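Examination of the molecular architecture
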2 protein chains.
Amino acid sequence: METKARIADVARVAGVSTATVSRALSLPDRVGAETRDKVLRAVAQTGYRVNSAARDLRSRRARAITVLVPNLANTFFSRIIASVQEVADAAGLTVQISDSMVEGPRLHTFGRDGRSDGILLLDGTLDAQTVAGWGVPVVMVCEWLDAPGMPGVGTDNVAGIGLAVGHLAALGHRDIAFLGGPAGNVLSDARGQGYVDAMARSGLTIRPQDRLDGDFTMESGARAAHVWAATPESATGVVCASDESALGFISECDRLGLRCPDDVSVVGFDDIEFSDRFIPPLTTVHQPRAAFGRQAAELLVAALQNGVPLPTQRTIIASHLVVRGSTARR
Amino acid sequence: METKARIADVARVAGVSTATVSRALSLPDRVGAETRDKVLRAVAQTGYRVNSAARDLRSRRARAITVLVPNLANTFFSRIIASVQEVADAAGLTVQISDSMVEGPRLHTFGRDGRSDGILLLDGTLDAQTVAGWGVPVVMVCEWLDAPGMPGVGTDNVAGIGLAVGHLAALGHRDIAFLGGPAGNVLSDARGQGYVDAMARSGLTIRPQDRLDGDFTMESGARAAHVWAATPESATGVVCASDESALGFISECDRLGLRCPDDVSVVGFDDIEFSDRFIPPLTTVHQPRAAFGRQAAELLVAALQNGVPLPTQRTIIASHLVVRGSTARR
DNA sequence: GGTCATCATGTAATCGTTTACATGGCCGAA
DNA sequence: TTCGGCCATGTAAACGATTACATGATGACC
């Protein structure tokens, strides 16, 4: 109980071989009931814990999956991770969470180093070659890579922004701006495209001043508010590529003396926890984050444990609009 | 390059022994420059990646530390984790993040299973016996356990709440309520004590209706708002045990037609990212989260790599008050 | 020139499991 | 009774690295 007990210690105490101890613990049906009890008693008495390095080495699997998040500080991801953990837990797998922003140099050792059997990748900015080199199953969540044939779970971002634009148009807004995400990001591109499509569909025109730069963060939303406020004939409605930037935008408008939704209607994208409690509560496109995590984890677990081949396409889960207080009739 | 290459493959390609390969990679100074180059070329050619299960097993260390967080969805923790990762990265250690809420049953196998060499524990509600059984160095962050002699890093919660109460008192508030945290939590207790102390010091009395129940969450803050609004002669200032509950409180007040800070002044605790962007921006007690993470990680790394003994007391880092728009003169 | 330290490298034991294969006991069928 | 099959268990060979110890070369010093 004091120092680390090994399986041989348990075997000695129980009066059986190490093989029997191993089987009693991982395949209880394969040993006699009496022996099993003896082993379990010995385990309790010695305080034995399996050494997972040894186990992983011998069995050539880690019984763990890794969730690779672009930025842990972004609250959007936590709900996804929570449901991944539920699924993995039920399957007897451990979840390791890493931040790809920090793991930079270590990134290319990921699968091959044997620390995890599969990866849930929430970062679409990684090099496709690096990912291909991991050598373990990978499922993308929300974002995706340019590489074709990679399994993934996410929403239809074009359609999502369409809901937002449609909502503002229905409220009588004619000049609708778009506060975008970081250039080069697949979500930014898709949502930007959704804006263009939806404006055309609604018969509205996009003026140069209707495109506001951002990068999903609150700070970028605040900066965009200054640009917007300084523009003549500025838009009366703003669709944002993320909730955080929407909140930053509204917040900075407030400091400039402009009220939402009286002076400007704002729609977000994501539906993070804070949006419902903001003043005003944010109208936004709700993403089913729990479903993303659950479904992605289920795909990975099925591939790992039952050999079910991973799909070669993204699974699309629909988003829907949540109308709250940040949008009003023009 | 295709299938997994082992160290023996690299050795063969480079024309040296496995021992030399191992040394060339982990102790570059101990091999000749020419040999080192040969090995590195062979590594590149074979696509070799060290198998960490084998390495961990043989060297009896995991080169990893675990951060155990009570709830990943709480944005308070992300900044702490980020600075932990910086320190660990510089020391060549991997950071594994786990949610103690989910890991429940697996919790007791933590250190002993050899997956990590040390633990940063952000959850003060764990059983002290379980923690003692881990058998690896543990440093508490923010919260702490009842067990004495355990190293930790955090702030003086009593003093922190004192700043908040003092601020409201200085603004002329005489009836100051306290929106507490979950019962039994060490932070709740300390902050509750800070409220009692500070009220006494300011010569103010605490009436029964000045104690509002909460659990750090936005929802609990919202519920407390109803209680507060329904109370006759309710307090004019509210000190909250967390930012989230403060934001929930203000948000719900707004829905009830009561404005902050005109109808009530509110102070939070934590200074999470959203607080600065709330409307109104939240006056709150700022916790140096980056410093918490950095200092705790440094203690652990020093203990792990240089054998520096861990302190037997908590390291206190001062908090300070950030005055924003949610408090006003009575 | 002999001795010894130093250095680069090789040989092989070792870390703690899992698991393929072997063994022996027991039981039912022929 | 004999044989085959099944079951519970034991024996020992992996898994893939690190590292204590051994070896041989080199060069400094007296």
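Residues numbered from 1 in each chain as written. Chains lettered and ligands numbered in written order. Predicted model: local features only at pLDDT ≥ 70, side-chain atom pairs only at ≥ 80, totals over all residues. Heavy atoms only, no water.

1. Considerations on the overall build of chain A
Helix and strand counts for chain A come out as eleven helices and twelve strands. Based on the C-alpha atoms only, the size of chain A along its principal axes is roughly 85 × 40 × 35 Å. Buried positions account for 54% of the 330 residues belonging to chain A. Surface accessibility of chain A: about 13,900 Å² in total, with carbon and sulfur atoms responsible for 51%. For chain A, the centre of its 33 positive side-chain charges and the centre of its 36 negative side-chain charges are spaced 10 Å apart. (Helix = DSSP H or I, 4+ residues; strand = E, 2+ residues; numbered from the N terminus. Buried < 20%, exposed > 50% of the residue type's maximum accessible area, 1.4 Å probe, protein only. Areas by Shrake-Rupley, 256 points an atom, 1.4 Å probe, with all protein chains shown as cover. Lys, Arg positive; Asp, Glu negative; His and termini not counted. Charge placed at Lys NZ, Arg CZ, Asp CG, Glu CD.)

2. Observations concerning the protein's contact with DNA strand C
Residues in close proximity to DNA strand C total 23 residues, the closest being Ile-7, Ser-22 and Arg-58 of chain A together with Thr-20 and Thr-35 of chain B. Counted by atom, the contact set of DNA strand C within 4 Å of the protein is 60% sugar and phosphate. Here a phosphate oxygen of DNA strand C and a side-chain polar atom of Ser-22 of chain A are 2.5 Å apart. Arg-58 of chain A is positioned such that a nitrogen or oxygen atom in its side chain is 2.7 Å from a base oxygen of DNA strand C. Residue assignment for the surface near DNA strand C shows that the elements contributing at least two residues are helix H2 (18-26) and helix H4 (52-59) of chain A together with helix H2 (18-26) and helix H4 (52-59) of chain B. Per-class residue counts for the surface near DNA strand C are eight nonpolar, seven polar and eight charged. (Near = heavy atom within 4 Å. Polar contact = N/O pair within 3.5 Å; in protein donor to acceptor, adjacent residues only side chain to side chain. Nonpolar A, V, L, I, M, F, W, Y, C, P; charged D, E, K, R; others polar.)

3. Focus on the pairing of strand E8 (residues 237-240) of chain A
Residues and elements named next belong to chain A. Residue alternation in E8 divides its side chains into two sets, Gly-237 and Val-239 and Val-238 and Cys-240, and both sets are buried. Examined bridge by bridge, strand E6 (residues 176-179) and E8 share four bridges and lie parallel to one another. Of the residues in E8, the one forming a bridge with Ala-177 is Val-238. Note that the unit made of E8, helix H10 (residues 243-255) and strand E9 (residues 265-270) has a crossover that is right-handed. (Pairing = 2+ DSSP bridges. Right-handed = clockwise from strand over helix to strand, strands pointing away.)

4. A word on the packing of helix H9 (residues 218-230) of chain A against H10 of chain A
All names here are of chain A. Two elements in contact, H9 and H10, have axes whose closest approach is 6 Å; the angle formed by their N-to-C orientations is 45°. Viewed along their axes, H9 and H10 adopt a mutual orientation that is oblique. The interaxial crossing formed by H9 with H10 has right-handed handedness. Between H9 and H10, the contacting residues are Met-218, Ser-220, Gly-221, Ala-222, Ala-224, Ala-225, His-226 and Trp-228 on the first element and Glu-244, Ser-245, Gly-248, Phe-249, Glu-252 and Cys-253 on the second. For the contact of H9 with H10, the per-class residue count stands at seven nonpolar, five polar and two charged. (Axes fitted to C-alpha atoms, helices over the stretch in contact; angles between N-to-C directions. Parallel < 35°, antiparallel > 145°, perpendicular 65-115°, else oblique. Left-handed = near helix turned anticlockwise from the far one by under 90°. Contact = heavy atoms within 4.5 Å.)

5. A look at the pattern of salt bridges
Taken as a whole and assessed by the stated rule, the structure comprises 25 salt bridges over all chains. In this structure, the salt-bridge partner of Asp-210 of chain B is Arg-207 of chain B, at a minimum N-O distance of 3.0 Å. Each of Arg-255 of chain A together with Asp-271, Asp-276 and Arg-324 of chain B takes part in a single network of salt bridges with overlapping partners. (Salt bridge = Lys/Arg side-chain N within 4 Å of Asp/Glu carboxyl O.)

6. Side note on the relation of the copies chain B and chain A
When chain B is fitted to chain A, the best match, at an RMSD of 0.1 Å, comes from turning it 180° and sliding it 0.0 Å along the axis. As the rotation angle and translation indicate, the two copies are arranged about a two-fold axis. Relative to the rotation axis, the closest C-alpha in chain B is found at Ala-53 of chain B, a distance of 2.3 Å. The residues that chain B uses at the interface reappear at the interface of chain A in 100% of cases, marking a shared surface. (Least-squares fit on C-alpha atoms with pLDDT ≥ 70 in both.)

7. Some remarks on helix H7 (residues 157-170) of chain B
Under the 1.5 Å per step criterion, the end-to-end length of H7 of chain B is 20 Å for 14 residues, consistent within 8% with the ideal 20 Å. Packed against the buried residues of H7 of chain B are strand E6 (176-179), helix H8 (186-201), strand E8 (237-240), strand E9 (265-270), strand E10 (283-286) and strand E12 (320-322) of chain B. (Expected span 1.5 Å × (residues − 1).)

8. Looking at the interface of chain B and chain A
With 57 residues of chain B at the contact, the number on the chain A side is 57 residues. The closest approach of N and O atoms between Asp-56 of chain B and Arg-115 of chain A, which form a salt bridge, is 3.1 Å. Remark: the boundary between chain B and chain A carries eleven residue pairs in polar contact (both at pLDDT 80 or more). Here the element with the most residues in the side of chain B that touches chain A is helix H10 (residues 243-255) of chain B; it accounts for eight residues.

9. Some details on the domain arrangement of chain A
Considered domain by domain, chain A is made up of domain 1 (7-50), domain 2 (62-153 + 290-314) and domain 3 (157-286). The C-alpha-based centres of domain 1 of chain A and domain 2 of chain A are spaced at 35 Å. (Domains from an automatic or database assignment.)

10. Quick look at the nonpolar core
Across soluble globular proteins, nonpolar side chains have a tendency to be buried as a group. Formed by 100 residues in total, the largest nonpolar core has its most connected members in Leu-120 and Phe-249 of chain A together with Leu-120 and Phe-249 of chain B. Here Phe-249 of chain B is in contact with Leu-179, Leu-212, Gly-221, Ala-222, Ala-224, Ala-225, Trp-228, Val-238, Val-264 and Val-266 of chain B, once residues within four sequence places are set aside. (Core = buried A, V, L, I, M, F, W, Y, C linked by side-chain atoms within 4.5 Å.)

11. A closer look at the UniProt feature "domain: HTH lacI-type" (unreviewed entry) in chain A
Residues annotated in UniProt with the feature "domain: HTH lacI-type" (unreviewed entry) correspond here to residues 5-59 of chain A. Between the end C-alpha atoms of residues 5-59 of chain A the distance is 20 Å, and the span holds 71% helix and 0% strand. (UniProt positions renumbered as here; feature names shortened; annotations may be inferred.)

12. As for the protein's contact with DNA strand D
If you check the shell around DNA strand D, you find 24 residues, and the closest are Thr-20 and Thr-35 of chain A together with Ile-7, Ser-22 and Arg-58 of chain B. Of everything in DNA strand D that lies within 4 Å of the protein, sugar and phosphate atoms constitute 61%. One of the backbone nitrogen or oxygen atoms of Asn-51 of chain B is found 3.3 Å away from a phosphate oxygen of DNA strand D. One of the side-chain N or O atoms of Arg-58 of chain B is found 2.7 Å from a base oxygen in DNA strand D. Those elements giving two or more residues to the surface near DNA strand D turn out to be H2 and H4 of chain A together with H2 and H4 of chain B.

13. Regarding the sheet that holds E8 of chain A
All names here are of chain A. Strand order in this open sheet of six strands is E7-E6-E8-E9-E10-E12, and the pairing throughout is mixed. On the outer flanks of this sheet lie strand E7 (211-212) and strand E12 (320-322), each paired with one strand and no other. Judged from the three bridges that link them, E8 and E9 form a sheet pairing that is parallel. Within E9, the position partnered with Val-238 by the bridge is Val-266. Sheet strands in contact with helix H8 (residues 186-201) are E6, E7 and E9, and its direction is about 170° off that of E6. Sheet strands in contact with H10 are E6, E7, E8, E9 and strand E10 (283-286), and its direction is about 155° off that of E9.

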